[in-house]
Amino acid sequence: MNRRLDDLDRLTTTVTRPDYRPAAHGTGVLHFGVGAFHRAHQAPATDDALAHTGGDWRIEGVSLKRPEAAKQLNPQNGLYTLLVRGPGGTRARVIGALGQVHTAPEAPERVLDRLADPAVRVVSLTVTEKAYGLDPATGGLDLDHPAIRHDLATPDRPAGVVGYLVQGLGRRRAAGTPPFTPLSCDNLRENGSLLRRLALDFADRLDPELRRWIERDVPFPCTMVDRITPASTERTLADAARLTGFADHAAVETEPFVQWVLEDRFASGRPAWEAGGALFVDDVRPYETMKLRMLNGAHSLIAYLGVLGGLEFVRDVMARPALASIVSRHMRAAARTLESVPGVDLERYASDLATRFANPAIAHHTRQIAMDGTQKLPQRLLEPALVAAEAGSPLDTYAVAVAAWMRYASGRDDHGRSIDVVDPRDDEIRTALRSGPTSPADIIDSLVNGVPGLFPERLARHRDWREMLERQLDRLCSRGVIGLTT
Ligand code: CS2
């Protein structure tokens, strides 16, 4: 058994390693959600920033639920291997930007201390869509969300991300410490503005003065983040050990492409992320809408087709010409709902996406992307479908994607095998479909009524949309995914 990767001085291989001494830099960022995506995206950008410009900008991590990240990373002093897999092979790089990881349920007071520490100037998040406590119907706080309910009742002992942020900001205000900048890096529309609205609403219910301070003094920049990062597997860890010569329980693998677009509004400074390729702009919205609708929308389409058709990975869906052509059509349809994006040729973006999805070196499970559909569909598929419906543009690929989600929600694939439907609203989905509706019209009605707020009303009532959705659901139910031609 190899020795564990815990000391850079032992790394004498050809692996790329940090060009700075991690221990010489203090913490500046607290990051919630230290999963594979963070390790493949913001952490390497911070590593580049530290190497390039220095400063006390290392990252401490927080896991809101499970202790795995702390167990993987702390014994390795935060060091881990990033494997970049391209068609030409795999490159290994050891990242030094991460420091200690805290497991919030085990040490809530410690997390609150870190939030109150003036050294922490940015608090970034990759906690996934469902952690925010967003009511999709209003765009505001969902008072029935378990973490929101809990944190409003016991604000000193938060469990959720909004509760922690507001409590942390409250402690800073009380101590006369300047605020940190909350930085959402999740795939949500106008993620910074959305987080701001939730934080203000939450604070208002506890302390209107605090709300006013946050409103006045705390910036919430929006960001667009992009890097396809499958969950790590045994093979990831084995390859990392082979390439570095050390056992690594925290290794992650990702694709060569990376993109990060942010608004440059920070209360107390930030790492020089441009050294890692980040682009700072005045308005992130065009980039983010493009990415959510073209990349993530196509991803969800691929995911539901894949799970239903028994195709395990994104690349397997892309290897079927009929399905790849639906995906390309979808990206072109999504592009038509966008305004122009500075510096981006949307045709080229779509064809690059098709190449990224087909990357033979990346094994991205369709069932991973299929998870949490109720949290993803609105910004990825339903909003652009409404734009397209109202513009009289083609709706067929949106309808294929949403119909495929509806079939996925029923819990059986095209071969009759059961699907593990992973979704925070799975109870509502199950109840909606309990009577076993079989006609496309009944399935649609059951889900539209049984999962309130998910489907925008204007879309649900749109005649062309409804017809197209019924037609595509009928096709999927009768022919299955493999029977789809174009
Ligand atoms: C994916 C995203 O899991 C999903 O829902 O669509 O995680 C996707 O891989 C990233 O947004 C790519 O940047």
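First, a word on scope: everything that follows refers to the structure included in this document. Just so you know, the residues in each chain are numbered from 1, in the order the chain's sequence is written. Local features in this predicted model are restricted to residues whose pLDDT is 70 or higher, and side-chain atom pairs enter the listing and the counts only when it is 80 or higher, whereas totals over whole chains, interfaces and linings include all residues. Where side-chain values are given, they derive from all heavy atoms of the structure, hydrogens and water being excluded.

### Re helix H9 (residues 234–244)
Piece 1. Each residue is placed in one exposure class: buried if its accessible area under a 1.4 Å probe, protein chains only, is under 20% of its type's maximum, exposed if it is over 50%, and partly exposed if it falls in between. The way it works is that DSSP assigns letters per residue, a run of H or I at least four long becomes a helix, a run of E at least two long becomes a strand, and they are numbered from the N terminus. Looking at H9, one finds that the buried residues are Thr-236, Asp-239, Ala-240, Ala-241 and Thr-244.
Piece 2. Should any heavy atoms of two residues lie within 4.5 Å, those residues are counted as being in contact. Buried residues along H9 sit in contact with strand S3 (80–86), strand S4 (89–95) and strand S9 (252–254).

### Some details on the packing of helix H16 (residues 396–409) against helix H20 (residues 463–479)
Piece 1. Here an axis means a line fitted to C-alpha atoms, over the contact stretch when the element is a helix, while the angle between two N-to-C directions is reported on a 0 to 180 degree scale. Taken N-terminus to C-terminus, the directions of H16 and H20 make an angle of 55°; their axes are 8 Å apart at the nearest point. Accordingly, the angle class assigned to the pair H16 and H20 is oblique. In this structure, H16 crosses over H20, and the sense of that crossing is right-handed. Contacts between H16 and H20 pair Asp-396, Tyr-398, Ala-399, Val-400, Val-402, Ala-403, Ala-404, Met-406 and Arg-407 from the former with Trp-465, Met-468, Leu-469, Gln-472, Leu-473, Leu-476 and Cys-477 from the latter. Each angle gets one of four labels, with under 35 degrees taken as roughly parallel, over 145 as roughly antiparallel, 65 to 115 as roughly perpendicular, and the rest as oblique. Handedness of a helix crossing follows the sense of rotation of the near helix relative to the far helix, less than a right angle counterclockwise being left-handed and clockwise being right-handed.

### A short note on the packing of helix H10 (residues 285–309) against helix H12 (residues 321–335)
Piece 1. For the pair H10 and H12, the least separation of the axes is 9 Å and the interaxial angle reads 150°. In terms of orientation, H10 lies roughly antiparallel with respect to H12. In this structure, H10 crosses over H12, and the sense of that crossing is right-handed. Contact with H10, carried on its side by Arg-293, Met-294, Gly-297, Ala-298, Leu-301, Ile-302 and Leu-305, involves Leu-323, Ile-326, Val-327, His-330, Met-331, Ala-334 and Ala-335 of H12 and no other residues of that element.

### Points about the sheet that holds strand S10 (residues 259–263)
Piece 1. Spatial ordering of the open sheet is given by S8-S10-S11, a layout of three strands whose pairing is mixed. Either end of the sheet is taken by a strand with one partner, and the two such strands are strand S8 (223–226) and strand S11 (279–281). The sheet shows a mean angle of 20° between the axes of neighbouring strands, direction not considered.
Piece 2. One requirement defines pairing of two strands: DSSP has to find at least two bridges between them. The pairing of S10 with S11 spans three bridges and is classified as parallel. Bridge pairing in S11 places Leu-262 opposite Phe-280.

### Details of the pairing of S4
Piece 1. With seven bridges connecting them, S3 and S4 associate as antiparallel partners. Following the sheet pairing, Leu-82 is matched in S4 by Arg-93.
Piece 2. Between S3 and S4, which pair antiparallel one after the other, the connecting turn spans two residues.

### Looking at the layout of surface pockets
Piece 1. In this structure, the second largest pocket encloses a volume near 510 Å³.
Piece 2. Cavity and pocket criteria rest on a 1 Å grid covering protein atoms alone: a 1.4 Å probe that fits but cannot get out defines a cavity, protein on both sides within 12 Å along at least 5 of 7 lines defines an open pocket, and an atom within 4 Å of a point defines a lining residue. As for the second largest pocket, its lining consists of 26 residues, of which Glu-312, His-365, Thr-366, Arg-367 and Gln-368 are closest to the centre.
Piece 3. Breaking the lining of the second largest pocket down by element, the ones donating at least two residues are H10 and helix H14 (366–370).
Piece 4. Note on residue categories: nonpolar means Ala, Val, Leu, Ile, Met, Phe, Trp, Tyr, Cys or Pro, charged means Asp, Glu, Lys or Arg, and polar means any other residue, Gly included. Of the residues contributing to the lining of the second largest pocket, the split by class is ten nonpolar, eight polar and eight charged. Grid points are joined across faces, edges and corners, and a volume is the space filled by probe spheres set on the points.

### Description of the pairing of strand S2 (residues 58–63)
Piece 1. Counting buried positions along S2 gives six out of six residues, so the element sits mostly inside the fold.
Piece 2. Residues Arg-58, Glu-60 and Val-62 point to one face of S2 and Ile-59, Gly-61 and Ser-63 to the other, with burial holding for every one of them.
Piece 3. Pairing of strand S1 (residues 27–32) with S2, which is carried by five bridges, proceeds in the parallel orientation. Note that in S2 the partner of Leu-30 across the bridge is Glu-60.
Piece 4. Pairing geometry for S2 and strand S5 (residues 98–103), over four bridges, is parallel. When the sheet's bridge partners are listed, Ile-59 is paired in S5 with Leu-98.

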